[in-house]
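Okay, here's what each chain looks like letter by letter:
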Amino acid sequence: MKKLSWLKTLVCSALISTSLSAVAAEDTIKVGVLHSLSGSMAISESALKDTVLMLIDEQNKKGGLLGKKLEPVVVDPASNWPLFAEKARELLAKDKVAVTFGCWTSVSRKSVLPVYEELNGLLFYPVQWEGQESSKNIFYTGATPNQQAIPAVDYLLKQGIQRFALLGTDYVYPRTTNKLLEAYLLSKGIKKEDIMVNYTPFSFSDWQSIVADVKKFAGEGKKTAIVSTINGDANVPFYKELANQNVTPEQLPVIAFSVGEQELQGVDTKPLVGHLAAWNYFQSVDTPENQKFIADWKAFKKDDKAVTNDPMEATYIGFNMWVKAVEKAGTTEPNKVEKAIIGVEVPNLSGGVAKMLPSHDISKPVLIGEIQDDGQFAIVEQTGLVDGEAWSPYLPESKNLIADWTDPINCGAYDKVAKKCTSQK
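What you are looking at is a predicted structure, and each value in this text was computed from that prediction instead of being measured. (Residues numbered from 1 in each chain as written. Predicted model: local features only at pLDDT ≥ 70, side-chain atom pairs only at ≥ 80, totals over all residues. Heavy atoms only, no water.)

Colleague: How do you make sense of the packing of aromatic side chains when you look at a structure like this?
Modeller: Any aromatic ring pair is given by two values, namely how distant the centres are and how the planes are angled relative to each other. Enumeration over the complete set of coordinates arrives at 17 aromatic pairs. Here Phe101 and Trp322 contribute two aromatic rings whose centre-to-centre distance is 6.3 Å and whose plane-to-plane angle is 85°, an arrangement assigned as edge-to-face. In this pair, Phe101 sits in strand S3 (residues 99–102) while Trp322 sits in helix H11 (residues 310–329), placing the two residues 221 residues apart along the sequence. Taken as a pair, Phe101 and Trp322 share a single burial class, namely buried. Taken together, the ring pairs in this structure connect Trp81, Phe84, Tyr171, Tyr173 and Phe202 into an aromatic cluster. Positioned over the ring face of Tyr125 is Arg109, at 4.9 Å from the centre of the ring. The ring of Tyr199 has Arg175 sitting right over it, with the charged end atom 4.1 Å from the ring centre. (Phe/Tyr/Trp six-rings, centres within 6.5 Å; stacked < 30°, edge-to-face > 60°. Helix = DSSP H or I, 4+ residues; strand = E, 2+ residues; numbered from the N terminus. Buried < 20%, exposed > 50% of the residue type's maximum accessible area, 1.4 Å probe, protein only. Lys NZ or Arg CZ within 6 Å of the ring centre and 35° of its normal.)

Written as C-alpha cells, this is what we have:
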C-alpha cells in the first residue's frame, strides 16, 4: 500500500507540476523575432532584433500587455530564404507566438508569407519594399515605392539628372522596384537608352568593372546618377570601389534605398560625403521623440556610438501599433487584432503621426539625406505625410488595383474599375 500511495503522490506531483508550467506559460505573451543574425544580411538585421528586445523590455517595465509580460522568442534564419519559412513555422506552430517582427529582404518576406497565411499569424515587416502585394496577415511598416523610390527619382530629376544607372542586388525587391522606376522615368520623358540596369548577387565584392562601366555610361554628355538598391554587406565594397575610382557626388551622385547609419558604420565615409539616401527617418532628425529614442537605444546597447536607422523606426512604429491594437481588441487573437489595428495612430520619430491604413501600409514622411563624414545624414529635403500604396499605378498590371482589408471590399488586390477582388485572399 505504501508503494501504491507513493506512486499516487508522484503522479499527482507530476500533474500539478505540468499544470503549473502550463499556467506559467499562459502568463506571458510570446513575441517572435525573425531576423538574420548571421550571413550576408546580419549587417542590417541584427540591429532590428535588438530593437524588438528593447521595445519588449520597455513595455514590460510599463506592466506588460493585458496584465501579462511579453516574452521574446528569437530565432536566426541566417540570411537563408527557405530557412526563414522553417523558422516562421516553428514560431507559430511550436512556440505559439502572438505576433512576429521580422524579415528584411522581400525574398525572405515572400518565403514566410504563405506560412503566416496558412497558420493565421501576424507579421510586422519593417523595411522598404517594392509593393505589388498585400496580405491580411502582414503589416508593412517600411516604405512603399511611392514613399521612397519615386520621391528619390523626383529629387534627382529636379537636380537636372538626365541618365540613370539602376544598380541592385539580384532578387525581387530591386528587380520590381527598378521595373517600376523604368516605367516612371519613361513617363517623365527619359529615353530608354538613358537608363542602365545591372544586378549582382548577395555579398558581391568585385565592383571594379561595374563601377568603370557606370563611369563610361555617365561620361557620354548627360548628367547621370546611380540609384542603388544594393542590399546587405555588398554595400561596403561598392562604396569603397567608388572611392577607389575617384567617383564624387558632384560627378556621379548615388542615391541609395538600403544604406543607412547602420551600414555606414562599416565604411570610411569621408570620400562619400555628398552621396545620398532616401528614407523616411534619419538619426539626425531633431525632435524630442527622436532624442529620447536615441538615448534609450544607446543605453540599451551600453554603447555611446550605437546608431539608429529607418527600419528601426519602422519597427518602433509597428510594435507600438500592435500594442495599441491589442489593448483596443482586449486580446492577442489575430483576427481581432487585424481588425482593431486599421486606423490606429502612433507617433513617429519625426514629430508626426503614423497611421495604419486599410491596405496594411502606413503613412510616412519622405526624407532625402546627404552622407556626412561622421556617418550621419544631413536632411536636404523632407515631405509631409505620404500614404503608402500597395499597388503601383505606373505598371499596367496593377494600375487599377488597390488593397483594402476593411468591409465591404476586404481584399488585397481589388480592381477598382472591374469592381471585383482579383486575389484569393
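Colleague: For this particular structure, what's the right way to read unusual backbone geometry?
Modeller: A negative phi angle characterises most non-glycine residues, just as the trans form characterises most peptide bonds. Omega for the peptide link from Asp407 to Pro408 comes to 10°, which places this bond in the cis form. Of note in this structure, Asn410 is not a glycine but carries a positive phi near 45°. Relative to the elements of secondary structure, Asn410 occurs in the loop between strand S17 (401–404) and strand S18 (411–415).

Colleague: Before we go on, may I ask you to explain the sheet that holds S18 in this structure?
Modeller: The strands making up a sheet associate through backbone hydrogen bonding, with each pair oriented either parallel or antiparallel. Taken in spatial order, the three strands of this open sheet run S17-S18-S19, and their pairing is antiparallel. Both edges of this open sheet fall to S17 and strand S19 (420–421), since each of them pairs with a single strand only. (Pairing = 2+ DSSP bridges.)

Colleague: I'm lost on helix H3 (residues 81–94) in this one. Help?
Modeller: A rise of 1.5 Å per residue sets the reference length of H3, with its 14 residues, at 20 Å; its end C-alpha atoms lie 20 Å apart and thus fit the reference within 8%. All of the buried residues along H3 are Trp81, Phe84, Ala85, Ala88, Leu91 and Leu92. The buried residues of H3 occupy an angular sector of 125° when projected down its axis, which confines them to one face. The exposed residues of H3 that point more than 90 degrees off its buried face are Pro82, Glu86 and Lys94. Residues of H3 that are buried make contact with strand S1 (28–34), helix H2 (42–61), strand S2 (69–75), S3 and helix H4 (106–119). The first or second residue beyond H3 is Lys96, which carries a positive phi of 55°. (Expected span 1.5 Å × (residues − 1). Arc of directions from axis to C-beta. Contact = heavy atoms within 4.5 Å.)

Colleague: Can you walk me through the pattern of salt bridges in this structure?
Modeller: Note that side chains of opposite charge can pair when their charged atoms are close. As enumerated under the stated definition, the model contains 16 salt bridges in all. For Arg163, the salt bridge identified is with Asp194, shortest N-O distance 2.7 Å. Of the two residues, Arg163 sits in strand S6 (residues 163–169) while Asp194 sits in the loop between helix H6 (172–187) and strand S7 (195–200), which places them 31 residues apart along the sequence. The same class applies to Arg163 and to Asp194, which are both buried. In this structure, Lys222 and Asp194 form a salt bridge, with 2.8 Å as the shortest nitrogen-oxygen distance. Within this pair, whereas Lys222 is found in the loop between helix H7 (208–218) and strand S8 (224–229), its partner Asp194 is found in the loop between H6 and S7, the two being separated by 28 residues in sequence. (Salt bridge = Lys/Arg side-chain N within 4 Å of Asp/Glu carboxyl O.)

Distances and angles like these do not, on their own, reveal function.
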